[in-house]
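Structural overview
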Amino acid sequence: MGDAGHPDYNPRMRRYLPLLALVLIALVPRPAAQAPAWEDQFRALPEPANIRESMRRMSARPHHAGSPYGRDNAEWIAARFREWGWETAIEEFQVLIPTPKERRVELLEPRRVRLKLDEPAIPEDPTSSQKDEQLPGYNAYSADGDVTGPLVYVNYGRPEDYEVLDRMGISVKGAIVIARYGASWRGIKPKVAAERGAIGCLIYSDPRDDGYFDGPVYPEGPMRNRDGVQRGSVMDMPIHPGDPLTPGRGATKDAERLPRERARTLMSIPVLPISWGDAQPLLEAIDGPLAPPEWRGALPLPYRIGPGPAKVRLTLSFNWDLAPAYNVVARLRGSRYPDEWIIRGNHHDAWVNGAEDPASGMAVLLEEARALGELRRRGWTPKRTIVYIGWDAEEQGLIGSTEWVEAHREELERHAVAYINTDGYGRGFLEAGGSHSLERFINEVARAVDDLETGVSVWKKLQARRITTGSKEARDEARTRADLRIAALGSGSDYTPFLQHAGIASLNLGFGGADDAGIYHSVYDSFAHYTRFQDTEFVYGRALAQVVGTAVLRLADADRLPFEFTNLADTVQKYVTELQTLLRTKQDEARERNRQIDEGVFAAMHDPRRPLRAPERLPVPPAINFAPLENAAAALSASAAAYAKAVATATPTPETLQRVNALLIRAERQLSDPEGLPRRPWYRHLLYAPGLYTGYGVKTVPGVREAIEQRQYDQAEREIVRAAAAIQRLARLLDEAVAELER
């Protein structure tokens, strides 16, 4: 689905590369530990040419979920696994996947314009002409509808954008809103619009965000052209991902299904993505106050808010059919601990041809599988079972992975050690997010893999980037902290059901940040585009295969599972401090808002042509008792330190290690609660979740953080107690592990 929300993502990174090179020269690499022989052999095996050929084959035709070439790709992937010696099966689910029957947008006033809603073929891009097989631009899980209303420009369509409209006395009730892509996940835009009374939503790609503002457009350059459309799901995934009709259970052929009108994650208003070429006449027709400077994009027009005089008719209807989703599941059985599973996945479905998203990541996964099969042919056997999976229907809402986790939840509870995810990649820098109990582990893996463009490790290159471009805190930490911080995970890819529903320690890995591209979810995400403008030599594909494959090998063959908890404890302490700061900020904001109301500041900002709606005074947030969280964080820090000391000094027997590993497998589960989060019980992890109004963006300690943000302070107190109890559970489990090691 994409990595634009990652903290290390920066589409303008190229300007920093000369400075980065100087930093790399100045940094003296830490001597690497001697790698095991099998690791050395593995890292020599991935071949860029194989990754290129796999991408070419998978992206040769459109292969959305339920399509003929989607099935063909699944069978081809399964055949490759079997060829390399893996036990392989295709698991099928029947899931709700709407496809468009009618799409029509007309500007009715002040002049009549019918939008073309088309992405034309480009001669330089052969697959862009496969019209009969392409899904047109649409948003999956939009409502059907035929609505007419005045048009209102709402910037990115976030809650904070509507607060600006409120201060200006502008309502969207009964209107169709037009929002630009970016700054939040697309599904939040129609969700918030509907809550504010809008009857329809258009989402367009502004050239300031991924078009000519950042460089030449396709086919001359990599950026989005005037006709490029970003497809995508608007399923309300912050409630739950997966099949909308089977929440919490696998969507097998005979599964009990909800009637569609009871599904919580379907959008309530019609919504459609359009290109900036189609958006331009609509925006030109809007009158009213000028948008604030930060709301203005790069189109050559005055960005006005409305409502009207632009009047728009939006007509959408869909086929609401069940379609097959094919997950390709391959296994290498473990020799010593066959009931402990290391799981690795990437999705294989795309909106259209999907060379970058997802074929680049899926091609890397296949090259890892080939290399591991070759190691096995040479005599290596993993100690733990390795499970590689190609997911289907990810684009519609993480459906293949979610249904698989829900269908196999009891098995995963007993057997799953960790899950490693990718979802496409580009050139540049290692991007890592996930469970902080795996932070040190992935830092050590990154130190073992070289970046071919610079000659230093991918870890050292990332460190140099943070020193070059990071905040003062990030620069200081990159210089002094033993491990580089990894990001916390929200949502947007197939790690979500593993981490946030099943409580399985997870990592999401990729490369990016040094290659601009504006073809996300369009017909122009093609092999022709990727091989001209992205990882043209596939060297970062090789590096990603080396990073992920090394991680899989180390997890599969470790005598003691490589979980480490002092970094997690440090991160938890950081989260507690952030929550306390958030509360103080909310208190200060309420006091300042009330002062401005008293002094008439908002009245001075008001548009005199519109009825004045006086802003409400805000109650100043009360003091909140953070002591349970502070005590739990301190307990975890002490237990983590004791565990690290025991690991460093103990000489455990194999039997002791087996008992310790059984505890470590359960470590991430301790941070989950079967009751789940308020109003969305599918999400059970109490440290990481996507935000209810951010979509992909993470909310850490989400029950507490969102309660404070939404001014529900009694709930915040309750969630503090629940989160503290989860952290204390983990501390007690570590104490058990220490006792085992010291016995």
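Everything below is about the structure shown above.
Since the structure is predicted, the reported quantities are computational estimates derived from the model, not experimental observations. (Residues numbered from 1 in each chain as written. Predicted model: local features only at pLDDT ≥ 70, side-chain atom pairs only at ≥ 80, totals over all residues. Heavy atoms only, no water.)

Regarding the pattern of salt bridges
Basically, it comes down to this: Salt bridges are defined as contacts in which a side-chain nitrogen from Lys or Arg sits within 4 Å of a carboxyl oxygen from Asp or Glu. Going along the chain from the N terminus, every DSSP run of H or I of four or more residues is numbered as a helix, and every run of E of two or more is numbered as a strand. Each residue gets one of three labels from its accessible area relative to the maximum for its type: buried under 20%, exposed over 50%, partly exposed in between, using a 1.4 Å probe on protein chains only.
Following the criterion strictly, the structure yields 53 salt bridges and no others. Here D118 and K131 are joined by a salt bridge, their closest N and O atoms 3.5 Å apart. Separated by 13 residues along the polypeptide, D118 in the loop between β2 (113-114) and β3 (139-140) and K131 in the loop between β2 and β3 bring together distant segments of the chain. D118 sits in the partly exposed class, given a relative accessible area of 36%. Across the salt bridge formed by R659 and E740, the nearest N and O atoms sit 2.9 Å from each other. Here R659 is found in helix α21 (residues 654-665), whereas its partner E740 is found in helix α23 (residues 713-742), with 81 residues between them in sequence. R659 gets classed as partly exposed once you look at its relative accessible area, which sits at 36%. Here the salt bridges do not stand alone but share partners, grouping E439, E477, R481, R485 and D570 into one network.

With respect to the packing of aromatic side chains
Any pair of aromatic rings gets described here by the distance separating the centres and the angle formed by the planes. Under the convention used in this document: Two aromatic rings, drawn from Phe, Tyr or Trp (for Trp, its six-membered ring), form a pair once their centres lie within 6.5 Å of each other, and the interplanar angle then sorts them: stacked below 30 degrees, edge-to-face above 60, tilted otherwise. By definition here, charges over rings are those cases where NZ of Lys or CZ of Arg is within 6 Å of the ring centre and within 35 degrees of the ring normal.
Going through the model one piece at a time under the given rule, you end up with 21 aromatic pairs. Geometrically, the ring pair formed by F318 and W320 is edge-to-face, given 6.0 Å between the ring centres and 65° between the ring planes. Here the two residues F318 and W320 agree in accessibility, since each one is buried. Taking the centre distance of 4.0 Å and the plane angle of 5° together, the rings of Y419 and F498 count as stacked. Residue Y419 is found in strand β12 (residues 416-421), and its partner F498 is found in helix α15 (residues 496-501); the two are separated by 79 residues along the sequence. Grouping residues by exposure puts Y419 and F498 together as buried. Through a chain of ring-to-ring contacts, the aromatic side chains of Y138, F318, W320 and W351 assemble into a single cluster. The cationic tip of K191 hangs over the ring face of Y693; the distance from NZ or CZ to the ring centre is 4.8 Å. A cation sits over an aromatic face here: R331 above W341, 5.3 Å from the ring centre.

Describing the environment of N443
Formally: What makes two residues a contact is simply this: any of their non-hydrogen atoms within 4.5 Å.
Looking at the secondary structure, you find N443 in helix α12 (residues 439-447). C-alpha of N443 to C-alpha of I342: the two residues are 101 residues apart in sequence and 18 Å apart in space. Ignoring anything within four residues of it in the chain, the contact list for N443 reads W459, D483 and L484.

Let's talk about the nonpolar core
Side chains of nonpolar character tend, in soluble globular proteins, to be buried together. To be explicit about the condition: We define a nonpolar core as any set of buried Ala, Val, Leu, Ile, Met, Phe, Trp, Tyr and Cys residues linked to one another through side-chain atoms lying within 4.5 Å.
Formed by 218 residues in total, the largest nonpolar core has its most connected members in F81, W86, I178, Y204, L283, L372 and F565. In contact with I178, not counting residues within four places along its chain, are L151, V152, Y153, V154, N155, L202, Y204, I274, A279, L282, L283 and I286.

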